[in-house]
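# Examination of the molecular architecture
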Amino acid sequence: AAAPLMRVVHCIAPVAYGGGEALLVQLLAERRAGLDEAVVQLWRSRPFEERLRALGVPCPAVTTADLGHGAPRAALLAGLALRPDRLARLAALFARLRPDAVHAHGFPAVGAALLAGPGARLVY
């Protein structure tokens, strides 16, 4: 029988398509057997999303606003924390994806990944 898949959710707060986003796309382009991977975007980045979709990687976003390039990342986390509806949506995304591990890309994603539940391992 095949080994069970490990569900890994990458959590990132992209505002553009840059270094961290490019590295994550490269990582996901080399899919590994035994992993079921998805990306949760704290904020939507259309260029990033287009690359992920081309790879067949699910990439839901907590917000539908596309912030474009250069938005300050510190403001992004504050924007999530000040909006209970966004925190609820994030928790619902994690509940639907049921990750075994959350790979947090960047500091805002670490705080967000804490909503993944007690059973999910956090990798930063």
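Here the residue index of a chain counts from 1 through its sequence in written order. Selection of residues for local features in this predicted model requires a pLDDT of at least 70, selection of side-chain atom pairs for listing and counting requires 80 or more, and totals for whole chains, interfaces and linings are taken over all residues. Hydrogen atoms and water are omitted, and side-chain values are computed over all heavy atoms in the structure.

## Side note on the side chain of His10
The condition that has to hold: Numbering of helices and strands runs from the N terminus; a helix is a DSSP stretch of H or I covering at least four residues, while a strand is a stretch of E covering at least two. Think of it in three bands: with a 1.4 Å probe and only protein chains considered, a residue is buried below 20% of the maximum accessible area for its type, exposed above 50%, and partly exposed in between. In protein, a polar contact requires one atom able to donate a hydrogen and another able to accept it; more generally it is a pair of N or O atoms within 3.5 Å, and residues adjacent in sequence count only if both atoms are side-chain atoms. Note on contacts: a residue pair qualifies if any of its non-hydrogen atoms lie within 4.5 Å across the two residues.
For His10, the position within the fold is in strand 1 (residues 6-12). Judged by relative accessible area, His10 falls into the buried class, the value being 2%. At a separation of 3.0 Å, a polar atom in the side chain of His10 contacts the side chain of His105. Ignoring any residue separated from it by four or fewer positions in sequence, one finds His10 in contact with Leu24, Leu27, Leu28, Glu37, Ala38, Val39, Val40, His103 and His105.

## Here we look at the confidence of the model for the protein
In plain terms, the rule: What pLDDT conveys is the predictor's confidence in a given residue, as a value from 0 to 100.
Within the protein, residue pLDDT values average 83, and 82% of them lie at 70 or more. Predicted confidence in the protein is weakest over helix 3 (residues 73-81), with a mean pLDDT of 62, and strongest over strand 2 (residues 35-41), with 95.

## Focus: the sheet that holds strand 4 (residues 121-123)
Two orientations exist for strands paired in a sheet by backbone hydrogen bonds: parallel and antiparallel. As a reminder of what qualifies: Pairing between two strands is assigned when DSSP locates at least 2 bridges connecting them. Fitted lines through C-alpha atoms serve as axes, helices being fitted only where they are in contact, and the angles separating the N-to-C directions of these axes extend from 0 to 180 degrees.
The strand order across the open sheet formed by four strands is 2-1-3-4, and the pairing between neighbours is parallel. The open sheet terminates on both sides in strands that have one partner only, identified here as strand 2 and strand 4. The mean inter-strand angle of the sheet, taken between neighbouring strand axes irrespective of direction, is 25°. The pairing of strand 3 (residues 101-105) with strand 4 spans three bridges and is parallel. The partner of Val102 across the bridge, within strand 4, is Leu122. On top of the sheet, helix 1 (residues 19-29) reaches strand 1, strand 2 and strand 3; it is set at about 165° to strand 1, its chief contact.

## Remarks on the nonpolar core
To be explicit about the condition: By nonpolar core we mean a set of buried residues, namely Ala, Val, Leu, Ile, Met, Phe, Trp, Tyr and Cys, connected to one another through side-chain atoms within 4.5 Å.
Core analysis: the largest hydrophobic core is formed by 20 residues, its most contacted members being Cys11, Val40, Leu42, Val62, Leu90, Phe94 and Val102. Every element with two or more residues in this core is listed here: strand 1, strand 2, helix 4 (84-97), strand 3 and helix 5 (107-113). Residues contacting Val40, with those up to four places away along its chain left out, are Val9, His10, Cys11, Ile12, Pro60, Val62, Leu90, Leu93, Phe94 and Leu97. Among the nonpolar cores identified, the runner-up in size contains nine residues, and Leu28, Val39, Leu52 and Cys59 belong to it.

## Looking at unusual backbone geometry
The phi dihedral of Arg98 falls on the positive side, at around 45°, and the residue is not glycine. Residue placement: Arg98 occurs in the loop between helix 4 and strand 3.

## Things to note about the pattern of salt bridges
Stated precisely, the cut-off is as follows: Criterion for a salt bridge: a side-chain nitrogen of Lys or Arg within 4 Å of a carboxyl oxygen of Asp or Glu.
A full pass over the atoms with the stated rule returns four salt bridges. Across the pair Arg31 and Glu37 runs a salt bridge whose closest N-O atoms are separated by 3.9 Å. Residue class for Arg31 comes out partly exposed when judged on its relative accessible area of 39%. When its relative accessible area of 5% is taken as the criterion, Glu37 is described as buried. We note a salt bridge from Arg53 to Glu49, for which the minimum N-O separation is 3.7 Å. Remark: Glu49 and Arg53 occur in helix 2 (residues 46-54); sequence separation between them is four residues, near one turn of the helix. Each of the salt bridges in this network shares a partner with another, and the network as a whole consists of Arg44, Glu49 and Arg53.

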